[in-house]
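Geometric and topological summary
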Amino acid sequence: MRPLDLDYMLGLLPVLLKYVPLTLAMASVAMVLALALASLMAIVRVLRVPGLDQLTKVFISFFRGTPLLVQLFLFYYGLPQIFSFLTAIDGVTAAVMGLTLHFAAYMAESIRAAIIGVDRSQWEASLSVGMTTAQMMRRIILPQAARIAAPTLVNYFVDIIKSTSLAFTLGVTELMGAAQKEAAGSFLYFEAFIMVAIIYWVIVELLTMVQRQLEVRLGKAHAR
Amino acid sequence: MISVKGLTKRFGENTVLDGIDLDIATGERVAVIGPSGTGKSTLLRSLNFLEKPDAGIITVGDVTVDASTASASEQRAVRRRTSFVFQNYALFANKTARDNIAEGLITVRGWSRAQAQARAEEILATIGLAEKAESYPAALSGGQQQRVGIGRAMAADAEIMLIDEPTSALDPEWVDEVLQLLKRVADARQTMLIVTHEMQFARDIADRVLFMDGGRIVEQGAPEVIFTEPKDPRTRAFLRKVL
């Protein structure tokens, strides 16, 4: 067994940390877009909007039924060969697009379950006062569904953060890509990859603390 | 005023409302009594389009709709004119007591938030819950929740208040405070159609009592007539059981 090169590891930290903002930015943009798309798809499915409902089902089935890596390759390497206007797409954009569509498919099902989980009396009360379906969704049903879905959605965000590491296969130098480059130069693979693992781990742990705060806030209306 | 002609509702093979005709004058307080499963709640729910009737014409104030073909906006027009008090309160779980009352004023009637909240505070004071303005439903007792439910219906300033077994889900200790509030609402000559199992209450507040059985109005009249000398044998049998 050879000893760890601790000096190298410490020196690597500031180098890798420079890439954290890109990783978080990709993950955050993908999360926000996925959340919006997933909410729309969930509503379409709950309300059984004709046509869109079937389309959504196929979309969800495809993006849950195929590996994320395959989807990313399809977007970045495949689609530009069919649609020439996509040749200009860069790795970061392709990765964010792929993460968005992939996780939107999963999140749509969680949000749909959460919407269905809101008590029927809430729908009836909203309708009885004369709200439109859109008002009912926005003001009464979705806020309550958010509380039910929050833990699951934060888990998906954690998953998205970790999955941004796949962007490195599209030639993006993000956190994982940077670690790979450093390791290839120094041949100290263990040091480089354990450092990058620790950085992901710390990010996710910090996020878990935020999650607890969020759940307290969303649970405010339900405290006795 | 409210007018219902030939209101019919079926659940599969089962005809729950069998061509109901009913007129209610402004300021009139009508109580509906009868055995369970005879369509009392369905009548109220149909007037608010919580159930979609299979046939019938509904007039509420200045709006007349064919109940079986009413569009979404026609249904909303009827709902705006008919407020509903639910058996299980059905308060918005994500809104405070104040916002439960203000919500419809903001979303449906387009009031400003400040205006709606001020009105909600007035109503909370009227129903004796001013100090609970910031409380969420989960932190209120059953009786308090139902009082907020009634407050929400009061805020709607509707042509008619539809009240569906308002005390059936309550622990006995909360029944009285809810009945007392409803009595005050009735005394203010709010037009109302109330389904209730509280016979004494029906007798106290109603101008007219309807006895329903098998999806039809079997007998109706002033409470002193219905409760003391009912004509139909089904009314007599029912009252013998419950009084």
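Residues numbered from 1 in each chain as written. Chains lettered and ligands numbered in written order. Predicted model: local features only at pLDDT ≥ 70, side-chain atom pairs only at ≥ 80, totals over all residues. Heavy atoms only, no water.

1. Looking at the sheet that holds strand β4 (residues 55-60) of chain B
All names here are of chain B. Short version of the rule: For two strands to be treated as a pair, DSSP must find no fewer than two bridges joining them. Helix numbers and strand numbers start at the N terminus; a helix is a DSSP run of H or I with at least 4 residues, a strand a run of E with at least 2. Angles run from 0 to 180 degrees between N-to-C directions of axes, and those axes are lines fitted to C-alpha atoms, restricted for helices to the stretch in contact. We call two residues contacting when some pair of their heavy atoms lies within 4.5 Å.
In spatial order, the strands read β2-β1-β4-β5; together these four strands make up an open sheet with antiparallel pairing. The open sheet has two edge strands with one neighbour each: β2 (14-24) and β5 (63-66). Going from strand to strand, the sheet's axes swing by 15° on average, the running direction of each strand aside. By the bridge criterion, eight bridges tie strand β1 (residues 2-11) to β2 in an arrangement that is antiparallel. Paired with R10 across the strands is T15, a residue of β2. Here helix α1 (residues 40-47) sits on the sheet in contact with β1, β2 and β4, set at roughly 115° to β1.

2. Topic: the interface of chain A and chain B
Short version of the rule: Two parts placed together each lose some accessible area under a 1.4 Å probe, and the buried area is that loss summed for both. The working definition used for a salt bridge is a side-chain nitrogen of Lys or Arg within 4 Å of a carboxyl oxygen of Asp or Glu.
Each partner contributes to the interface: chain A provides 21 residues, whereas chain B provides 23 residues. In this assembly, chain A packs against chain B so that about 2000 Å² is buried in total across both faces, 58% of it on carbon and sulfur atoms. At the junction of chain A and chain B, the tally comes to two salt bridges. Secondary-structure elements contributing two or more residues to the side of chain A that touches chain B are α6 (120-128) and α7 (133-163) of chain A.

3. Some words on the pattern of salt bridges
Residues and elements named next belong to chain B. Keep this limit in mind: Remark: exposure states derive from per-residue accessible area (1.4 Å probe, protein chains only) relative to the maximum for the residue type, with buried under 20%, exposed over 50%, and partly exposed in between.
Evaluated as defined, the whole model comprises 20 salt bridges over all chains. One salt bridge connects R216 with D18, and the closest N-O pair in it is separated by 2.8 Å. Highlighted residues: R216 in strand β10 (residues 216-221) and D18 in strand β2, separated in sequence by 198 residues. Relative accessible area serves as the criterion here: at 48%, R216 is assigned to the partly exposed category. For D62, the salt bridge goes to R81, with nearest N and O atoms at 2.8 Å.

4. A few points about the UniProt feature "domain: ABC transmembrane type-1" (unreviewed entry) in chain A
To keep it simple, the criterion reads: UniProt positions are given in the numbering used here, feature names are shortened, and annotations may be inferred rather than shown by experiment.
When the UniProt feature table is mapped onto this chain, "domain: ABC transmembrane type-1" (unreviewed entry) is found at residues 20-211 of chain A. Across residues 20-211 of chain A one finds 82% helix and 0% strand; the C-alpha atoms that close the span lie 20 Å apart.

5. What about the nonpolar core?
Formally: We call a set of buried Ala, Val, Leu, Ile, Met, Phe, Trp, Tyr and Cys residues a nonpolar core when their side-chain atoms join them within 4.5 Å.
Within the largest apolar cluster, 103 residues are counted, with the highest numbers of intra-cluster contacts made by L16 and I115 of chain A together with L7, L43 and L193 of chain B. In this structure L43 of chain B touches L7, L17, I20, L22, L193 and M212 of chain B, once residues within four positions along its chain are discounted. V85, M192, F211 and F238 of chain B belong to the second-largest nonpolar core, a separate cluster that totals 45 residues.

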